[in-house]
Amino acid sequence: MRIVRAHDYDDMSRKAANIISAQVTLKPDSVLGLATGSTPLGIYAQLIEWYEKGDLDFSQVSTFNLDEYRGLAHDDPQSYHHFMRANFFDRINIDPANTHVPDGSNLDAEGVCAAYDRSVADAGYPDLQLLGIGRNGHVGFNEPGAVFSKGTYCVDLTPSTIEANSRLFDRVEDVPRQAYTMGVQTIMFARSVLVVASGEEKADAVRAMCLGPVDPQCPASILQLHAACTVIADEAALCKMPA
Ligand code: GLP
């Protein structure tokens, strides 16, 4: 695991965008694993800016998002389908047919998860997987206690995740209680992983991910065993790490 120190959120975003940009430049038909949440927003904004300047071309790229709330229509403003279109896909030249997000509108959990696993496998798994990290060490929606050997599955969200994500909903009761998420096994199949973290509320999770035992109680800790994992975190998120 390689740890890159960023001064602040903007610096973290630029550094991470540089890595994604290099990936797409070197391999124009890259498969990118993408994440939602507030943390990657600055990365997407930077990539859009470089696309608009003519420095990046996404026409051959395909993407697989980590997760989606179960029970939300694709055009629901809280859905990750909507988030990805609004914050990235609609603003670059990616072919919408090459973008994949688990189908939260379909309640057939087994069918949705099996189909998603098949399409990620058919694409050959991500060349680069972007990840945020939850305050409790979750990745995607793999909550503490997650089984490391799973592909995509339907998960019951923990009260801490529901509370953390409720900031984006009108009321905490509106946050879906379940989600479809790529499992840890699928994430580990990516050829490289890029984790981004910003802010002091992530400091405990970052420390557990990097220095704690590899333990399902901190799902991100499995990344210590990935052959090509880079963590880019700002000073606040690294405040509990040794200098
Ligand atoms: C959500 C997402 C995760 C994300 C996490 C942290 O629960 N499913 O993929 O990493 O939140 O989000 P944020 O970046 O907003 O702190």
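Here we summarise the structure given alongside this text.

Conventions and cut-offs
Residues numbered from 1 in each chain as written. Predicted model: local features only at pLDDT ≥ 70, side-chain atom pairs only at ≥ 80, totals over all residues. Heavy atoms only, no water. Helix = DSSP H or I, 4+ residues; strand = E, 2+ residues; numbered from the N terminus. Expected span 1.5 Å × (residues − 1). Buried < 20%, exposed > 50% of the residue type's maximum accessible area, 1.4 Å probe, protein only. Contact = heavy atoms within 4.5 Å. Core = buried A, V, L, I, M, F, W, Y, C linked by side-chain atoms within 4.5 Å. Polar contact = N/O pair within 3.5 Å; in protein donor to acceptor, adjacent residues only side chain to side chain. Axes fitted to C-alpha atoms, helices over the stretch in contact; angles between N-to-C directions. Parallel < 35°, antiparallel > 145°, perpendicular 65-115°, else oblique. Left-handed = near helix turned anticlockwise from the far one by under 90°. Nonpolar A, V, L, I, M, F, W, Y, C, P; charged D, E, K, R; others polar. Near = heavy atom within 4 Å. Areas by Shrake-Rupley, 256 points an atom, 1.4 Å probe, with all protein chains shown as cover. 1 Å grid on protein atoms, 1.4 Å probe; cavity = no way out; pocket = protein on both sides within 12 Å on 5 of 7 lines; lining within 4 Å. Sits in = over half its atoms within 2 Å of the grid points. Phe/Tyr/Trp six-rings, centres within 6.5 Å; stacked < 30°, edge-to-face > 60°. Lys NZ or Arg CZ within 6 Å of the ring centre and 35° of its normal.

**Examining helix H2 (residues 41-52)**
When the terminal C-alpha atoms of H2 are compared, their 17 Å separation across 12 residues agrees well with the 16 Å that a helix rising 1.5 Å per residue should span. All of the buried residues in H2 are Gly-42, Ile-43, Tyr-44, Gln-46, Leu-47, Ile-48 and Trp-50. In this fold, the buried residues of H2 make contact with helix H1 (9-26), strand S2 (31-34), helix H3 (80-87), strand S6 (128-131) and strand S9 (192-197). At the C-terminal side of H2, Gly-54 shows a positive phi close to 90 degrees.

**A look at the nonpolar core**
If you look at the biggest cluster of nonpolar residues, it comprises 30 residues, and the most contacted ones within it are Leu-131, Val-195, Val-206, Met-209 and Leu-223. Contributing elements (two or more residues each) for this core: helix H4 (109-122), helix H6 (184-189), S9, helix H7 (203-211) and strand S10 (229-234). When residues in this core are grouped by element, the largest group, four residues, is from H7. Core analysis: the second largest hydrophobic core is formed by 27 residues, Ala-6, Val-24, Phe-83 and Leu-128 among them.

**So, the side chain of Asn-142**
One can find Asn-142 in the loop between S6 and strand S7 (153-156). Engagement of the side chain of Asn-142 in a polar contact is seen with the side chain of Tyr-153, the distance being 2.7 Å. A polar contact is formed between the side chain of Asn-142 and the backbone oxygen of Met-182, at a distance of 2.9 Å. Beyond its immediate chain neighbours, meaning those up to four positions away, Asn-142 contacts Tyr-153, Thr-181, Met-182, Gly-183, Val-184, Ile-187 and Pro-219.

**Focus: the packing of H1 against H2**
Running from N to C, H1 and H2 cross one another at 55 degrees; their axes reach a closest spacing of 8 Å. With respect to each other, H1 and H2 are oriented oblique. For the element pair H1 and H2, the recorded crossing hand is right-handed. Only Leu-41, Gly-42, Ile-43, Gln-46, Leu-47 and Trp-50 of H2 make contact with H1, whose side of the interface consists of Tyr-9, Ser-13, Arg-14, Ala-16, Ala-17, Asn-18, Ile-20 and Ser-21. Here the contact of H1 with H2 is composed, by residue class, of eight nonpolar, five polar and one charged.

**As for the site of the ligand**
By nearness alone, 13 residues border the ligand, and Ser-38, Thr-39, Asp-67, Arg-167 and Lys-202 come closest of all. Interatomic distance of 2.7 Å between a backbone N/O atom of Ser-38 and an oxygen atom of the ligand. Between the ligand and Arg-167, the relevant distance is 2.7 Å, taken from an oxygen atom to a side-chain nitrogen or oxygen of the residue. Look at the ligand: alone it shows 390 Å² of surface, and the protein chains cover 93% of it. The site holding the ligand turns out to be the largest pocket. Partitioned by chemical class, the residues of the shell around the ligand number three nonpolar, seven polar and three charged.

**Considerations on the packing of aromatic side chains**
By the definition in use, this model includes nine aromatic pairs. Ring geometry for Tyr-69 against Phe-141: centres 5.6 Å apart, planes inclined by 45 degrees, an arrangement best described as tilted. Here Tyr-69 is found in strand S4 (residues 67-69), whereas its partner Phe-141 is found in the loop between S6 and S7, with 72 residues between them in sequence. Of the two residues examined, Tyr-69 and Phe-141, each falls in the buried class. Taken together, a centroid distance of 5.7 Å and an interplanar angle of 80 degrees make the contact between Tyr-69 and Phe-169 edge-to-face. Residue Tyr-69 is found in strand S4, and its partner Phe-169 is found in the loop between helix H5 (159-165) and strand S8 (178-181); the two are separated by 100 residues along the sequence. Pair check on accessibility: Tyr-69 and Phe-169 agree, each one buried. Here the aromatic cluster, defined as three or more aromatic residues joined through ring pairs, consists of Tyr-44, Phe-58, Phe-88 and Phe-89. The cationic tip of Lys-150 hangs over the ring face of Tyr-153; the distance from NZ or CZ to the ring centre is 4.3 Å.

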